[in-house]
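Commentary on secondary and tertiary structure
Single-letter residue listing:
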Amino acid sequence: MKPDSDMKAPMDRLTRARKEWMGVLARSGTESLEAAYARLDPEPRFDHLRPPEVGMAMVRARAEARGERFNLGEMTMCRCSVRLADGSVGHGFVAGRDRRHAELAALFDALLQDPDSGPALRRAVIDPLSASLAEGRRERAAKTAATRVNFFTMVRGED
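Throughout, a residue's number is its position along its own chain's written sequence, starting from 1. Per-residue local features are limited, in this predicted model, to residues with pLDDT of at least 70; the limit for side-chain atom pairs, both in listing and counting, is 80 or more; totals at the level of whole chains, interfaces and linings are taken over all residues. Only hydrogens and water are removed before side-chain values are computed, so all heavy atoms of the structure are retained for them.

1. Quick look at unusual backbone geometry
Residues Asp 41 and Pro 42 are joined by a peptide bond in cis, for which omega reads 0 degrees. Mapped onto the elements of the fold, Pro 42 is located in the loop between helix H2 (30-38) and strand E1 (46-62). Numbered from the N terminus, helices here are DSSP runs of H or I no shorter than four residues, and strands are runs of E no shorter than two.

Below, the structure is given as structure tokens:
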């Protein structure tokens, strides 16, 4: 029998991969997920374990990123859980009130867990969405950098 650490390695890899794709699904727009869903052939059959529902979640923060935790406030979120015809279960959690976004995120989560078709789906859906999100971050960073002011290099006028 293998030691526990050898058995945990594949699960840790799957957990990390799933955390990554769930983040991409949550941050991607509903339109992008709808377009990816429209390309699925055949269209997957699924049942709701938990239909899309809107609720609130407490957002916690830390003072100066290292200090004591405090409750910053609440945010609206939507969650959904689905079961595919093959028994795979997927969950979707998204910020805001978009029920369809949560449903699509849950559906793709379930589909991506399939060891046979999941890797191809990841290359076809998650990788392009991830690249698009990264490009958006780079564009926002460039716009922000263009407005940056360095007060330490400004020269004061002589009186």
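Here the narrative resumes, following the displayed structure.
2. Details of the pattern of salt bridges
Salt bridges are identified by distance alone: a Lys or Arg side-chain nitrogen within 4 Å of an Asp or Glu carboxyl oxygen. Scanning the model with the defined rule gives seven salt bridges in all. Asp 109 is the salt-bridge partner of Arg 18, the closest N and O atoms lying 2.6 Å from each other. On the criterion of sequence distance, the pair formed by Arg 18 in helix H1 (residues 4-27) and Asp 109 in helix H3 (residues 99-112) is long-range, its members being 91 residues apart. With relative accessibility at 0%, the residue Asp 109 sits in the buried group. Two residues, Glu 103 and Arg 100, come together in a salt bridge whose shortest N-O distance is 2.5 Å. Of this pair, Glu 103 and Arg 100 both sit in helix H3, three residues apart, roughly one helical turn. If you follow the salt bridges from partner to partner, you end up with Glu 34, Arg 100 and Glu 103 in one network. Categorising residues by exposure relies on relative accessible area from a 1.4 Å probe, with only protein chains included: less than 20% of the type maximum marks a residue as buried, more than 50% marks it as exposed, and the intermediate range marks it as partly exposed.

3. Description of the sheet that holds strand E2 (residues 69-84)
By the convention used here, strands pair only if DSSP detects at least 2 bridges between them. Pairing is antiparallel across the open sheet formed by three strands, whose spatial order is E1-E2-E3. Across the chains shown, the open sheet's two edge strands, defined by having one partner strand only, are E1 and strand E3 (89-95). The mean inter-strand angle of the sheet, taken between neighbouring strand axes irrespective of direction, is 25 degrees. Where E2 lies against E3, seven bridges are found, and the strand directions are antiparallel. Simply put, an axis is a line fit to the C-alpha atoms, just over the touching stretch for a helix, and the angle between two N-to-C directions goes from 0 to 180 degrees.

4. A word on the layout of surface pockets
Only protein atoms enter the 1 Å grid, on which a cavity is a set of points fitting a 1.4 Å probe that cannot get out and a pocket is an open set with protein on both sides within 12 Å along at least 5 of 7 lines, lining residues being those with an atom within 4 Å of a point. Grid points are joined across faces, edges and corners, and a volume is the space filled by probe spheres set on the points. Size it by volume and the largest pocket reaches roughly 300 Å³. Leu 40, Pro 42, Pro 44, Leu 111 and Ser 117 are, among the 14 residues lining the largest pocket, the residues nearest its centre. All amino acids are sorted into three groups, where Ala, Val, Leu, Ile, Met, Phe, Trp, Tyr, Cys and Pro are nonpolar, Asp, Glu, Lys and Arg are charged, and the leftover types, Gly among them, are polar. Residue composition of the lining of the largest pocket, grouped by class: eight nonpolar, one polar and five charged.

5. Observations concerning the pairing of E2
Bridging between E1 and E2 involves 14 bridges; their strand directions are antiparallel. Residue pairing for E2: Asp 47 is matched across the bridge by Arg 83. Adjacent in sequence and paired antiparallel, E1 and E2 are bridged by six residues, among which Glu 64 carries a positive phi angle near 55 degrees.

6. Observations concerning the packing of H2 against H3
One way to put it is that H2 packs onto H3 with a least axis distance of 10 Å and a crossing angle of 45 degrees. For the element pair H2 / H3, the angle class is oblique. In this structure, H2 crosses over H3, and the sense of that crossing is left-handed. Here Thr 30, Leu 33, Glu 34, Ala 36 and Tyr 37 of H2 come into contact with H3, specifically with Arg 100, His 101, Leu 104, Ala 105, Leu 107 and Phe 108. Between 65 and 115 degrees an angle is taken as roughly perpendicular, under 35 as roughly parallel, over 145 as roughly antiparallel, and anywhere else as oblique. Definitions for this section: a left-handed crossing has its near helix turned counterclockwise from the far helix by less than a right angle. A right-handed crossing has that turn clockwise. We call two residues in contact whenever any of their non-hydrogen atoms come within 4.5 Å of each other.

Worth remembering: the numbers are spatial, not functional.
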